[in-house]
Amino acid sequence: IIFILFLFTSYLHTTNIYVDDNGYETGTGTITNPYNTIHKALMVLKSGDTVYVKNGYYFGQNKIDTDNVAFIGEDSSSTIIDCGDTTTDTQCFKIYNRDTVYISGFKLINSQNILVQDSNNSVIRNCIIYQNYDGIILWACTNTVVKDNIFDTPYYVSLYLAEVKKCLIANNIFYHKQNTYDIRG
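Each chain has its residues counted from 1, running along the sequence as written. Selection of residues for local features in this predicted model requires a pLDDT of at least 70, selection of side-chain atom pairs for listing and counting requires 80 or more, and totals for whole chains, interfaces and linings are taken over all residues. Side-chain measures here rest on the full set of heavy atoms in the structure, leaving out hydrogens and waters.

Draft legend 1. Just the overall build of the protein, in detail. For helices the rule is a DSSP run of H or I covering at least 4 residues; for strands it is a run of E covering at least 2, with both sets numbered from the N terminus onward. Each helix and strand counted, the protein has two helices and 19 strands in total. With 185 residues in all, the protein has 45% of them scored as buried. For this analysis, residues touch if any pair of their heavy atoms sits within 4.5 Å. Contacts in the protein between residues at least 24 apart in sequence constitute 35% of all its contacts with a sequence separation of at least 6. Accessibility here uses a 1.4 Å probe with only protein chains present; expressed as a share of the type maximum, an area under 20% marks a residue as buried, one over 50% as exposed, and anything in between as partly exposed.

Draft legend 2. A look at the sheet that holds strand 2 (residues 50–53). For two strands to be treated as a pair, DSSP must find no fewer than two bridges joining them. In space, the seven strands of this open sheet follow the order 1-2-5-8-11-14-17, with parallel pairing throughout. One side of each edge strand has no neighbouring strand; the edge strands of this open sheet are strand 1 (16–19) and strand 17 (168–170). Strand after strand, the sheet turns through a mean of 10° between neighbouring axes, direction not considered. Where strand 14 (residues 145–147) lies against strand 17, three bridges are found, and the strand directions are parallel. Within strand 17, the position partnered with Val 145 by the bridge is Leu 168. For every element, the axis is a line fit to its C-alpha atoms; helices are fit only across the contacting stretch, and the angle between N-to-C directions ranges from 0 to 180 degrees.

Draft legend 3. Structural view of unusual backbone geometry. Positive phi, normally seen in glycine, also occurs at Asn 97, with a value near 55°. In this fold, Asn 97 is placed in the loop between strand 7 (91–96) and strand 8 (101–104). Overall, Asn 97 belongs to the partly exposed group, its relative accessible area being 48%.

Draft legend 4. Expanded view of the sheet that holds strand 9 (residues 107–109). The sheet built from six strands is open, its strands ordered 3-6-9-12-15-18 with parallel pairing. The open sheet terminates on both sides in strands that have one partner only, identified here as strand 3 (56–59) and strand 18 (173–174). For strand 3 and strand 6 (residues 79–82), the ladder comprises four bridges, and the chain directions are parallel. Note on strand 6: the bridge partner recorded for Phe 59 is Asp 82.

Draft legend 5. Region of the structure containing the packing of aromatic side chains. For this analysis, a ring pair means two rings from Phe, Tyr or Trp (six-membered ring only for Trp) whose centres lie within 6.5 Å, classed as stacked if their planes differ by under 30 degrees, edge-to-face if by over 60, and tilted for the remaining angles. Per the stated rule, a full pass over the model turns up six aromatic pairs. Note on Phe 151 and Phe 174: the rings are 4.7 Å apart at their centroids and 15° apart in plane angle, and the pair reads as stacked. Of this pair, Phe 151 sits in strand 15 (residues 150–152) while Phe 174 sits in strand 18, placing them 23 residues apart in sequence. We classify Phe 174 as partly exposed; its relative accessible area is 28%. Each residue in the set Phe 71, Phe 93 and Phe 106 is aromatic and connected to the rest through ring pairs, giving one cluster. Stacked on the ring of Tyr 130, the Lys or Arg Lys 107 has its end atom at 4.7 Å from the ring centre. We call a charge positioned over a ring when the NZ of a Lys or the CZ of an Arg lies within 6 Å of the ring centre and within 35 degrees of the ring normal.

Draft legend 6. Examining the pairing of strand 2 more closely. Examined bridge by bridge, strand 1 and strand 2 share four bridges and lie parallel to one another. Note on strand 2: the bridge partner recorded for Asn 16 is Thr 50. Every crossover in which the path from the first strand over the helix to the second runs clockwise, viewed with the strands pointing away from the viewer, is termed right-handed. Handedness of the crossover is the feature at issue here: the chain leaves strand 1, passes through helix 2 (residues 38–44), returns alongside strand 2, and the resulting connection is right-handed. Sheet topology places strand 2 next to strand 5 (residues 69–73); four bridges connect them, and they run parallel. Considered in strand 5, the bridge of Thr 50 is made with Ala 70.

Draft legend 7. Here's a closer look at the pattern of salt bridges. Put simply, a salt bridge is a Lys or Arg side-chain nitrogen that is within 4 Å of an Asp or Glu carboxyl oxygen. Taken as a whole and assessed by the stated rule, the structure comprises five salt bridges. Note that Lys 54 is salt-bridged to Glu 74, the shortest N-O span being 3.7 Å. Within this pair, whereas Lys 54 is found in the loop between strand 2 and strand 3, its partner Glu 74 is found in the loop between strand 5 and strand 6, the two being separated by 20 residues in sequence. Residue classification places Glu 74 among the partly exposed positions, given a relative accessible area of 44%.

As structure tokens, then:
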């Protein structure tokens, strides 16, 4: 009975958050009044929330500091996150010491990488990783899925795996001039 009560109360606190780059600075994150940046959604994000991002052009890094969340872009070819710099420590998404993060439907460009470190049960799916220094870095992760993505990272490594356990890498397409992947430890 306590477990059922926990599930019910967790469900009550689940929120859908909406982002549209055509939204207003004073947006509230609802479907009719969305936030205009992903950063604003990150500031109110709670466990169990899903962030729906409309097609558009978004800037900046996105550090995820919450467990059990999802970020869903409307279309991976036209929901674009641009970090603006491939030479410094920039990540379109940084998932550090988190559990159960789901990312899908984005085109991620001009960053150092997408970092998933010391995290469990994360999924990166249906994304286009384009013109980044590295593609996706998985470091000390367990039960991570990287599936149905397109990698076009001309500088270094598309997919870097280090100290990972029980990860699924499937149905990805790699367009790359140097190293497609690097597996260590």
